[in-house]
Amino acid sequence: MGKPVSIIGNCFPGHKLPHSIHPWFCKGIDHEICFLKVDEHVRCEKWMRDDNVDSKESKTASWFKRFIGREQKPEVTWPFPFVEGGLFILTLRAGVDGYNITVGGRHVTSFPYRPGFTLEDATGLAIKGDVDVHSVFATSLPSSHPSFSPQRVLEMSEKWKAHPLPKSPLQLFIGILSATNHFAERMAVRKTWMQSSVIKSSNVVARFVVALNPRKEVNAVLKREAAYFGDIVQNVSAAYIMKCDDDTFVRVDTVLKEIDRTPPNKSLYMGNLNLLHRPLRNGKWAVTFEVCKFNAFVGILI
């Protein structure tokens with residue numbers, strides 16, 4: 001019989017499960033708990049694993065032996081929530097940051113939404129394995145995710161507007177990839193590292209790069225946002241170009257230091273170069289044979 005473990009993963013609609021799911025594993029009290037919060041919940045609770053308990057000693061004695069030598073009092077834990085042949089009530093709640101799962105009224109695990117996800121993408125629920133479902137009760141989902149509501153996160157203030165493009169040549173252009181409904185993410189960037197002094201007072205420009213959404217009402221709000229803040233998609237020329245996502249905090253001063261110490265006759269590449277990486281043929285990051293007919297990418301730096 002295997003050890004108890006919680007496996008969490010998600011996938012996008014229309015994608016084959018083996019290629020699009022990226023699970024992570026929680027092994028309970030013996031596992032290094034991930035303390036990153038999702039809606040103020042930890043990703044994995046410290047439930048008790050009893051599979052390693054010696055049959056000659058009690059479970060309680062074995063559990064306390066794990067804390068020999070520690071001054072602090074052991075934390076109160078609880079058994080693994082799923083027992084063979086036992087009944088349980090599982091609740092799946094869609095929160096602001098991600099999904100939160102409780103069993104028997106006790107929080108078990110939480111995991112964040114993928115970038116670009118909206119609740120409209122959640123079109124079904126599949127239950128597989130040796131589980132007998134006695135009943136299912138579902139409440140309605142909100143019409144739009146609260147964290148994506150422009151009325152909630154957009155602050156139409158002059159101080160968050162982008163400065164006009166300088167007339168002199170740019171030293172660095174930073175393109176920030178974002179999704180149409182990532183109003184909160186863009187607002188967070190505007191209020192943090194986009195306020196850097198080197199962006200406000202030098203030839204460094206940061207702009208969001210956003211593709212249009214299939215939903216016209218989302219595009220309408222996006223265009224109003226772009227017209228007001230002036231920091232979404234523009235054609236520019238620059239000596240150096242940097243790409244990042246809207247959940248990235250950029251140390252612009254550090255990037256400029258690397259640029260300044262690079263000789264004029266040398267090229268600069270910053271980031272991970274994955275040589276001979278095999279292209280994926282299925283899933284979200286699939287590369288067609290028309291785009292790359294080889295079995296591995298070849299990295300070329302000039």
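Residues numbered from 1 in each chain as written. Predicted model: local features only at pLDDT ≥ 70, side-chain atom pairs only at ≥ 80, totals over all residues. Heavy atoms only, no water.

Asks: Would you mind going over a nonpolar patch on the surface in detail, with residue names and values included?
Replies: Residues F82, F88, L90, L92, L125, I127, V131, V133 and V136 make up a contiguous nonpolar surface patch of about 840 Å² in total accessible area. For L125, the location among the structural elements is in the loop between β9 (106-112) and α3 (150-153). (Patch = residues over 30% accessible without salt bridge, like charges linked within 9 Å, V, L, I, M, F, W, Y side chains within 5 Å. Areas by Shrake-Rupley, 256 points an atom, 1.4 Å probe, with all protein chains shown as cover. Salt bridge = Lys/Arg side-chain N within 4 Å of Asp/Glu carboxyl O. Helix = DSSP H or I, 4+ residues; strand = E, 2+ residues; numbered from the N terminus.)

Asks: Please give an account of the packing of aromatic side chains that cites residues and values.
Replies: Scanning the model with the defined rule gives 4 aromatic pairs in all. Centre to centre, the rings of F80 and F82 are 5.9 Å apart; their planes meet at 70 degrees, and the pair counts as edge-to-face. Taken together, a centroid distance of 4.9 Å and an interplanar angle of 80 degrees make the contact between F82 and F88 edge-to-face. The class of F82 is partly exposed, set by a relative accessible area of 33%. Among the aromatic residues, those joined into a ring-pair cluster are F80, F82 and F88. Residue placement shows R281 over the ring face of F289; its charged tip is 3.9 Å from the ring centre. (Phe/Tyr/Trp six-rings, centres within 6.5 Å; stacked < 30°, edge-to-face > 60°. Buried < 20%, exposed > 50% of the residue type's maximum accessible area, 1.4 Å probe, protein only. Lys NZ or Arg CZ within 6 Å of the ring centre and 35° of its normal.)

Asks: So what about the sheet that holds β9? Which residues, and what values?
Replies: Read across the open sheet, the 3 strands follow the order β7-β8-β9; overall the sheet is antiparallel. The two strands at the open ends of the sheet, each matched to only one other strand, are β7 (90-94) and β9. Averaged over all adjacent pairs, the angle separating strand axes in this sheet is 20 degrees, with direction ignored. (Pairing = 2+ DSSP bridges. Axes fitted to C-alpha atoms, helices over the stretch in contact; angles between N-to-C directions.)

Asks: For the sheet that holds strand β12 (residues 238-245), give the residues involved together with the corresponding values.
Replies: An order of β11-β10-β12 is seen for the 3 strands of this open sheet, with the pairing classed as parallel. The sheet is open, and its two borders are formed by β11 (204-210) and β12, each paired with just one other strand. Across the sheet, the mean angle separating the axes of adjacent strands is 25 degrees when strand polarity is ignored. Alignment of strand β10 (residues 170-178) against β12, held across 7 bridges, turns out to be parallel. Residue pairing for β12: I176 is matched across the bridge by C244. Those strands touched by helix α7 (residues 252-260) are β10, β11 and β12, and its axis lies near 135 degrees from that of β10. (Contact = heavy atoms within 4.5 Å.)

Asks: Tell me about the nonpolar core, and name the residues and values.
Replies: Core analysis: the biggest nonpolar cluster contains 20 residues, and I174, I176, W193 and V252 have the highest contact counts within it. Secondary-structure elements contributing two or more residues to this core are β10, α5 (197-201), β11 and α7. Setting aside anything within four residues of it in sequence, one finds I174 in contact with W193, V204, V205, A206, R207, M242, C244, V250 and V252. Judged by nonpolar contacts, the second largest core, of 7 residues, contains V153, L154, F183 and V221. (Core = buried A, V, L, I, M, F, W, Y, C linked by side-chain atoms within 4.5 Å.)

Asks: Tell me about the pattern of salt bridges, and name the residues and values.
Replies: All chains considered together, the criterion is met by 8 salt bridges. As a salt-bridge pair, E225 and R190 come within 2.7 Å of each other at their nearest N and O atoms. Taken together, the residues E225 in helix α6 (residues 216-229) and R190 in helix α4 (residues 183-191) connect sequence positions 35 residues apart. The class for R190 is buried, based on a relative accessible area of 0%. Here R261 and E258 are joined by a salt bridge, their closest N and O atoms 2.5 Å apart. For R261, a relative accessible area of 57% gives the class exposed. Via salt bridges that share partners, R186, R190, E225 and D231 belong to a single interconnected network.

Asks: I'd like to hear about the environment of F88, residue by residue, with values.
Replies: Along the chain, F88 turns up in the loop between β6 (78-79) and β7. A relative accessible area of 37% places F88 in the partly exposed class. Linking F88 and V103, residues 15 residues apart in sequence, is a C-alpha distance of 6.6 Å. Ignoring anything within four residues of it in the chain, the contact list for F88 reads F82 and V103.

Asks: I'd like a rundown of the side chain of T109, residues and numbers included.
Replies: Tracing the backbone shows T109 in strand β9. Judged by relative accessible area, which is 2%, T109 ranks as buried. For T109, the side chain forms a polar contact with the main-chain oxygen of R43, separated by 2.4 Å. (Polar contact = N/O pair within 3.5 Å; in protein donor to acceptor, adjacent residues only side chain to side chain.)

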